[in-house]
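An overview of the molecular structure
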Amino acid sequence: MARFLLATIPLTGHFNPGAPIARRLVERGHEVRWYTGRHFRSKVEATGARYIPMRAAKDFHDSTVGDVFPERAKLSDFAKLKHDLTRVFIDSVPGQVEDLEAELREFPADVLVCDTGFVGASVLQERRALPWAVFGITAMTVASVDTAPFGLGLMPSGSTPGRLRNRALAWGVNNIVFRDVNAHLQRMRAGLGLPPTPKPIFDVPVSPFLYLQGTVPSFEYPRTDLPSQVYFIGPFLPEAPADWKPPAWWSEVMDSRRPVVHVTQGTLATEDPHLILATLKALADEDVWVVAATGGQPVEWLGKGPFPANARVERFIPYAHLMPHVSVMVTNGGYGGVQCALAQGVPLVCAGTSEEKPEIANRIAWAGVGVNLKTKTPTPEQVRNAVRTVLATPGFRQKAQRLQAEIATHDAPTKAAELLEQLARTREPVLSPRP
């Protein structure tokens, strides 16, 4: 039996992928403790892991981010990304380290397992020589000669001119665009008594021991220099809640022959329901059903209504139940939701430009599984035309179904557990030979 300490940023998109890992480790007889926000306590305990609260670190949740960081709402999309890197991820590190070092004195874990936003893991490894593994909760940030720097939302290019472009952009991003973020990282490290690191902010989460990417290779840009500790293990798909009951309209919609279009803005991008409202308006006269999920926000968040006759609105619908019935998903690009759609062969229309959403939207277009509208505020006409295009073009669904077949060959929780057990046993990087 090994001891595993999980640690995740207290946001749904960072927490959810860890649940299948924790559950599988517990099922295999390991002792698991999980450090995250109090909002997730019951979900942690449902996996069989022991919950560890955040004390020194700032605790927040999707619905309280705006209260804890009120300045965030007024920022542009790119400024919001830089804000999150500094205030949400880097500034959380001292508290994370204080909390986890106290926990490790009581619970000497064999391995620390965290999401890619948990910057404190790399610091703990330096201070305590603790092996750590990371699971990717968004598009891969691993730098490569074949890709533009993460955050720019550019397509990959491994040609000679493309590699020159990539190298020039990497210098500019690290030394100009994110210079202030990287300087903030160095100041945080100095405050903890650590020397400067040569790694820019997007390279920090790349554990040298084990990196578990929650998708399949066909959804990620190819890299000829992919590090050997990176494994594509398939998406971390959520299980259907045992106590969920279908709404009264369920049979009417799901037993119909009309296509079902699902629209969501996820759980974090809830300042303005523009995408959902634009989709409801766009498809009001189309021969489809529109199923909207507010990401936990009350239905009143969308206004007083009335909603179109072909629309059904809920706060939450488990994807395990919904996705098998969906013909097209309209999304702002949340990584977990995109992976759930692809696991059922559902093509996408993506409209997201905040945080890392441009990177995910570009991968949707690159993989040929959907349309990237390249805006987070599309007009109803843009949404209508995109949905019509996806429904009328078999290639989008065919490519999504090929990804579905590839995903079906993976068992992410089991593979993650096996690799983590190897890391706990050897305390050495878990490397895969590349062809």
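Residues numbered from 1 in each chain as written. Predicted model: local features only at pLDDT ≥ 70, side-chain atom pairs only at ≥ 80, totals over all residues. Heavy atoms only, no water.

As annotated in an unreviewed UniProt entry, the chain carries the name Erythromycin biosynthesis protein CIII-like C-terminal domain-containing protein and is attributed to Pyxidicoccus parkwayensis.

1. A word on the UniProt feature "domain: Erythromycin biosynthesis protein CIII-like C-terminal" (unreviewed entry) in the chain
Cut-off, in case you're wondering: UniProt positions are given in the numbering used here, feature names are shortened, and annotations may be inferred rather than shown by experiment. Secondary structure follows DSSP: runs of H or I at least 4 residues long count as helices, runs of E at least 2 residues long count as strands, and numbering of each begins at the N terminus.
Feature annotation in UniProt assigns "domain: Erythromycin biosynthesis protein CIII-like C-terminal" (unreviewed entry) to the following positions: residues 279-423. Measuring from the first to the last C-alpha atom of residues 279-423 gives 46 Å, for a span that is 46% helix and 13% strand.

2. Quick look at the sheet that holds strand S4 (residues 111-115)
Note the threshold: Paired strands, in this sense, are two strands between which DSSP finds at least two bridges. Axis definition: a line fitted to C-alpha atoms, limited for helices to the stretch in contact. Angles are taken between N-to-C directions and run from 0 to 180 degrees. Residues count as neighbours in contact if any of their non-hydrogen atoms are within 4.5 Å of one another.
On the basis of which strands lie adjacent, the open sheet formed by 7 strands has the order S3-S2-S1-S4-S5-S6-S7 and parallel pairing. Edge strands, defined here as strands with exactly one partner in the open sheet, are strand S3 (50-53) and strand S7 (230-232). The mean angle between the axes of side-by-side strands here comes to 20°, regardless of whether they run parallel or antiparallel. Pairing geometry for strand S2 (residues 31-36) and S3, over 4 bridges, is parallel. In the strand pairing of S3, threonine 36 is matched with proline 53. This element, helix H2 (residues 18-27), spans strand S1 (3-7), S2 and strand S5 (132-136) of the sheet and lies at about 155° to S2.

3. Topic: the sheet that holds strand S8 (residues 260-264)
Spatial strand order, S10-S9-S8-S11-S12-S13: 6 strands in an open sheet with parallel pairing. Both edges of this open sheet fall to strand S10 (311-314) and strand S13 (370-372), since each of them pairs with a single strand only. Here the average twist between neighbouring strands, direction ignored, is 15°. Alignment of strand S9 (residues 289-293) against S10, held across 4 bridges, turns out to be parallel. By the bridge assignment for S10, valine 291 is matched with arginine 312. Seen against the sheet, helix H11 (residues 274-282) touches S8, S9, S10 and strand S11 (328-331) and runs at an angle of roughly 165° to S9. Of the strands in this sheet, strand S12 (348-350) and S13 touch helix H14 (residues 357-366), which is tilted by about 135° from S13.

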